[in-house]
Amino acid sequence: MTAVQDAPAASPEIGRDRRRKEDQRLITGRTRWTDNISLPGMLHMAIVRSPHAHARITGIDLDAADKAINIYDVFDGKKLQDTMGVLVNAWPITPEQQAPTHYPLAVDRVAFAGQPVAVVVARSAAEARDAAELVDIEYDVLPAALDLKEAAEDKVLAHPDLGTNKVAFWQLDSAGQGSGRAIDEVIAEARDGGIVIEREYRQQRLIPAFMEPRSVIVDPTGEQITMWSATQIPHITRFLLAATTGVPESKIRVIAPDVGGGFGGKLQTTPEEWITWAVARWIGKPVKYTETRSESLVSAHHGRDQWQRLTLAATKEGRVTGLKVDLLADMGAYVGVVGGGVPVLGAWMFNAIYKWEAYQFNCTPVLTNKTWVDAYRGAGRPEATYAVERLMDELAVEVGMDPLEIREMNWIKHEEFPFTTVAGMTYDSGNYEAATAKAKEMFGYDALRAEQKERRDRGDRVQLGIGISTFTEMCGLAPSRVLGQLNYGAGGWEHATVRMLPTGKVEVITGASAHGQGHETAFSQIVADRLGVPFEDVEILHGDTQVSHKGLDTYGSRSLVVGGEALVLAADKVIEKAKPLAAHLLEANVEDLEFGNGRYSVRGTDQGMGIAEVALATFAAHNYPEGMEPGIDAESTYDPINFSFPHGTHLCAAEVDTETGQITLRKYVCCDDIGNIINPLIVSGQVHGGIVQGIAQALWEEAVYDDSGTLVSGSFVDYLLPTAADTISFEIDHTTSPSTTNTLGTKGVGEAGTIAATPAVVNAVVDAIRHLGVNDIVMPMTPERVWTALQGGGRGTATVEAAEPHFEGQEDSR
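Residues numbered from 1 in each chain as written. Predicted model: local features only at pLDDT ≥ 70, side-chain atom pairs only at ≥ 80, totals over all residues. Heavy atoms only, no water.

Remarks on empty space enclosed by the protein
Right, on to step 1. Here the structure, examined in full by the defined rule, presents four cavities of 30 Å³ or more.
Right, on to step 2. Counted as a void, the largest cavity has a volume near 100 Å³.
Right, on to step 3. Along the walls of the largest cavity sit R214, S215, V216, S229, A230, T231, K266, Q268, T270, E272, E273 and Y289, which together make up its complete lining.
Right, on to step 4. Taken together, the residues of the lining of the largest cavity break down into three nonpolar, five polar and four charged. (1 Å grid on protein atoms, 1.4 Å probe; cavity = no way out; pocket = protein on both sides within 12 Å on 5 of 7 lines; lining within 4 Å. Points joined across faces, edges and corners; volume = space filled by probe spheres on them. Nonpolar A, V, L, I, M, F, W, Y, C, P; charged D, E, K, R; others polar.)

So, in structure tokens, the structure goes:
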């Protein structure tokens, strides 16, 4: 093998079912969760939060708390105003975007129930919490903007000083880009001789509900200020701390130790981090804050929460021609670090895998007096996939075709790749036919359709429905130039360093920061194969800005397709840098050397030496080529040329009891195409977990507020998370269409299950009872909502061929 860009001839690691090397410490209690860390002289902090959704703070009495046992200090927003900085939005989606100033600790007004108002610092966490109960705060309660549609009409202002609740208006129009026709023209044509379907769908508010509550420690006592935080984004946090508090970035160290899940919920710079930072600097001692579960549910950012109005145009034969999307997106009380960019990400995914002549996406992010909304697993793409996959079922019904056949009629064929969509995105590879054929075979599609017909003919009490979701997604948030054009505040690159140690072991440093994905295992497999060293000899270091000095962290299924490529480039540089030394030691010309399976060999001879031997020779530096510096370590920064586009077909069979509304999942299969697979075992875990989260949105989860703006689903008694007992076994498989835009041919998998599962389940339930007059049920589809819809009182009256688009929608069947 002469080109170092080629992978070693044998690949014993990539594609292998490796158990995660990090699991040993995670399941035996030897973890370094932030809350497990204790520092000498450390104090503990408790936060007093607003019980009101919107109110002026008219008085704060901290005296009783300050006099409690073992209390070190007490704070309100005015005391910390000049030192605590502000929380910023890194993605202003338009130059005119309006966003309220977000102080970590409220100063004179609160904008959601759960907003931090005061802080108590004590010798122990229990004493801090007890003293927090003694803080007396007086409020002047104000009207609250709680309903998304009413907030969009500015009936009540969430932040009166802004004069409106509308954050921005963002549009993607295919006609304006020159990649499609005018949407109004195409819809008008369909009204004359084709089909126009109008629907309105509700994406309910969800809570990420990660396993480990957020925790933060700040130690200001050294040369640097060190923050430990349960975060997905240590590098971004460090940058924004420096940018907003005036402390030089070189004086800040952020460590994300073991992090117990995130799902986008820890893709945030949080008030709690900034408050702990300010308090620790004020006091001059280490301070820890760890939230309770109820605090996490009420104050950590939420996800989804949209109204989607959609207009689909098609020929009378069922060939789609146009799609218009009008989106209202609830931002909550503040615009988070990604904020309005989350619904905007869906702009390139509503068109999905289908071929359209015209497309328009209109998005209005809206402020309300509820917990702020930001990224949650999938971030904009599940919402888009849900809408278009629900519409494709509606189109199939209108035309009288099988829903799989209507999709096949309209999707991009495998021979058409690379394909530039009506939204302007270029899909590099895919084979929707192959994934669907395999899923259909696994599912027993024809037999289940036959059983469904038999049940309907008999008028069975329990009806069978079949749900379909054929999806694609954009993964690997990048490239940087595209993000710059979208006004995103950071790049999309990732950094890696590969160090060959004198003993032959390999130390790998990555800017990606794991929180449960299995980075240490998968990255070790990549580097082991590339360098031809044992898997056990590779150590992955991450999550510490002092160790990993460059990085853009983990979100958007970017770790493998961006971070993994940086590893490949750095490993290849090591191979290339070591080659002159190997040639020198072997007394051969560099051009005559080949590298494979961890060895340099002289072409046509049996001479050779391992890369570990070269590493030792580098360390000794006794016999070096003239002019060559000792050292073969290398680093690389990789910026992709495109997103990656995994896809798949998910099929769900669900039974619905028409007398009680009870839903029972009977079968769920999926066939995903995620390109080349590094570790099938990790992939299975990601797909299974993602499917459960998608099913949970369809059937169980919803963040509910009462009329005063209080979160009434503020515990796991009321916010329903599924357990293993609530779900069924899934059958998963894969087809492979390698990505053509990266060396490894990978595409990303972390969000696939969540994106695909929700519409598959909802389509199955609606399909089961559509013949009884129901064509939609608002999520989560509780037995009560299903039963109400069956009685004619629910979401089942959406219109076909409506005279004019409207945004009123059907009655909620709650």
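Examining the sheet that holds strand β13 (residues 303-314)
The strands that make up a sheet are held in pairs by hydrogen bonds between backbone atoms, and each pair lies either parallel or antiparallel.
Right, on to step 1. Strand order in the open sheet formed by five strands is β7-β15-β14-β13-β8, and the pairing between neighbours is mixed. What marks the edges here is a single partner per strand, and that holds for β7 (170-173) and β8 (195-206). Pairs of neighbouring strands in the sheet enclose a mean axial angle of 10°, with direction left out of account.
Right, on to step 2. Looking at chain direction, strand β14 (residues 320-332) and strand β15 (residues 358-367) are connected through ten bridges and run parallel. Opposite D326, over in β15, you have N362 as the bridge partner.
Right, on to step 3. This element, helix α12 (residues 381-399), spans β8, β13 and β14 of the sheet and lies at about 145° to β8. (Pairing = 2+ DSSP bridges. Helix = DSSP H or I, 4+ residues; strand = E, 2+ residues; numbered from the N terminus. Axes fitted to C-alpha atoms, helices over the stretch in contact; angles between N-to-C directions. Contact = heavy atoms within 4.5 Å.)

Here we look at the packing of helix α20 (residues 680-699) against helix α21 (residues 752-769)
In a packed pair of helices, the relevant descriptors are the angle between the two axes and the axis-to-axis distance.
Right, on to step 1. Orientation of α20 relative to α21, taken along the N-to-C sense of each, is 40°, at an axis distance of 7 Å. If you check the angle between α20 and α21, you find them oblique. Helix-helix and strand crossings are classified by hand; for α20 and α21 the assignment is right-handed. The residues of α21 that touch α20, namely those facing V687, G690, I691, Q693, G694, I695, Q697, A698 and L699, are G753, T754, A757, T758, V761 and V762.
Right, on to step 2. Classifying every residue of the contact of α20 with α21 by side-chain character gives eight nonpolar, seven polar and no charged. (Parallel < 35°, antiparallel > 145°, perpendicular 65-115°, else oblique. Left-handed = near helix turned anticlockwise from the far one by under 90°.)

So, the domain arrangement of the protein chain
Right, on to step 1. The domain boundaries assigned to the protein chain delineate domain 1 (3-31 + 493-638) and domain 2 (144-427).
Right, on to step 2. Distance from the C-alpha centre of domain 1 to the C-alpha centre of domain 2: 36 Å.
Right, on to step 3. In this assembly, 21 residues from domain 1 lie in contact with 21 residues from domain 2.
Right, on to step 4. A buried area of about 1,500 Å², summed over both sides, lies between domain 1 and domain 2, and 45% of it is on carbon and sulfur atoms. (Domains from an automatic or database assignment. Buried area = accessible area lost by both parts, 1.4 Å probe.)

With respect to the environment of Q697
Right, on to step 1. Its location among the elements puts Q697 in helix α20.
Right, on to step 2. Since its relative accessible area comes to 2%, Q697 is described here as buried.
Right, on to step 3. Taking the C-alpha atoms as reference points, Q697 and E127, separated by 570 residues in sequence, lie 38 Å from one another.
Right, on to step 4. Discounting chain neighbours no more than four positions away, the residues touching Q697 are Q203, Q204, L206, R304, T758, M779 and P780.
Right, on to step 5. Polar contacts involving the side chain of Q697 include one to the side chain of R304, which spans 3.5 Å. (Buried < 20%, exposed > 50% of the residue type's maximum accessible area, 1.4 Å probe, protein only. Polar contact = N/O pair within 3.5 Å; in protein donor to acceptor, adjacent residues only side chain to side chain.)

A word on the nonpolar core
The nonpolar side chains of soluble globular proteins are, as a tendency, buried together.
Right, on to step 1. Counting 145 residues, the largest nonpolar core has V279, W348, F350, F361, Y668 and M781 as the members making the most contacts within it.
Right, on to step 2. By residue number, the principal contributor to this core is α21, which donates nine residues.
Right, on to step 3. Core analysis: the next-biggest nonpolar cluster, separate from the first, contains 47 residues, A496, F523, A634 and I682 among them. (Core = buried A, V, L, I, M, F, W, Y, C linked by side-chain atoms within 4.5 Å.)

Concerning the sheet that holds strand β4 (residues 109-110)
Right, on to step 1. If you walk across this open sheet you meet the three strands as β4-β2-β6, and the pairing is antiparallel. At either end of the open sheet lies a strand with only one pairing partner, and these are β4 and β6 (136-141).
Right, on to step 2. Sheet topology places strand β2 (residues 55-61) next to β6; six bridges connect them, and they run antiparallel. From the neighbouring strand, I60 faces β6, where its bridge partner is I137.

Some points on unusual backbone geometry
Right, on to step 1. The amide bond that connects F417 to the next residue, P418, takes the cis arrangement and shows omega of -5°.
Right, on to step 2. Each neighbour pair has its own omega, and for A478 with P479 the value is -5°, a cis peptide bond.
Right, on to step 3. Mapped onto the fold, P479 is located in the loop between β18 (462-472) and α16 (480-485).
Right, on to step 4. With a phi angle near 50°, A209 is a residue other than glycine that sits in the positive phi range.
Right, on to step 5. The phi dihedral of E587 is positive, around 55°, even though this residue is not glycine.

Some words on the side chain of T470
Right, on to step 1. By the secondary structure assignment, T470 is in strand β18.
Right, on to step 2. Note on T470: relative accessible area 1%, which makes it buried.
Right, on to step 3. Among residues more than four places away in sequence, those in contact with T470 are I353, Y354, E389, R407, W411, T436, G648 and T649.

Quick word on the packing of aromatic side chains
Right, on to step 1. Throughout the structure, instances matching the rule amount to 13 aromatic pairs.
Right, on to step 2. Ring geometry for Y427 and F645: centres 4.8 Å apart, planes at 40°, overall tilted. With a gap of 218 residues between them, Y427 in strand β17 (residues 426-427) and F645 in the loop between β25 (634-638) and β26 (647-657) connect regions that are remote in the sequence.
Right, on to step 3. Taking relative accessible area as the criterion, F645 reaches 1% and is therefore assigned buried.
Right, on to step 4. Members of the aromatic cluster, joined through ring pairs, are W170, W348, F350 and F361.
Right, on to step 5. Here the basic side chain of K149 rests over the ring of W307, its NZ or CZ set 4.1 Å away from the ring centre. (Phe/Tyr/Trp six-rings, centres within 6.5 Å; stacked < 30°, edge-to-face > 60°. Lys NZ or Arg CZ within 6 Å of the ring centre and 35° of its normal.)

Topic: helix α13 (residues 403-410)
Right, on to step 1. Here α13 lies mainly inside the structure; six of its eight residues are buried.
Right, on to step 2. Listed as buried for α13 are P403, L404, I406, R407, M409 and N410.
Right, on to step 3. Of the surrounding elements, those touching the buried residues of α13 are β14, α12, α14 (432-443), α15 (445-458), β18 and α21.
Right, on to step 4. A side-chain oxygen of the first residue of α13 lies 2.8 Å from the backbone nitrogen of L404; this N-cap is D402.

Considering a negative patch on the surface
Right, on to step 1. There is a patch of like negative charges on the surface, built from D61, D63, D66, D136 and E138.
Right, on to step 2. As for its position among the elements, D136 is in strand β6.
Right, on to step 3. The exposure class assigned to D136 is partly exposed, which follows from its relative accessible area of 41%. (Patch = residues over 30% accessible without salt bridge, like charges linked within 9 Å, V, L, I, M, F, W, Y side chains within 5 Å. Areas by Shrake-Rupley, 256 points an atom, 1.4 Å probe, with all protein chains shown as cover. Salt bridge = Lys/Arg side-chain N within 4 Å of Asp/Glu carboxyl O. Lys, Arg positive; Asp, Glu negative; His and termini not counted. Charge placed at Lys NZ, Arg CZ, Asp CG, Glu CD.)

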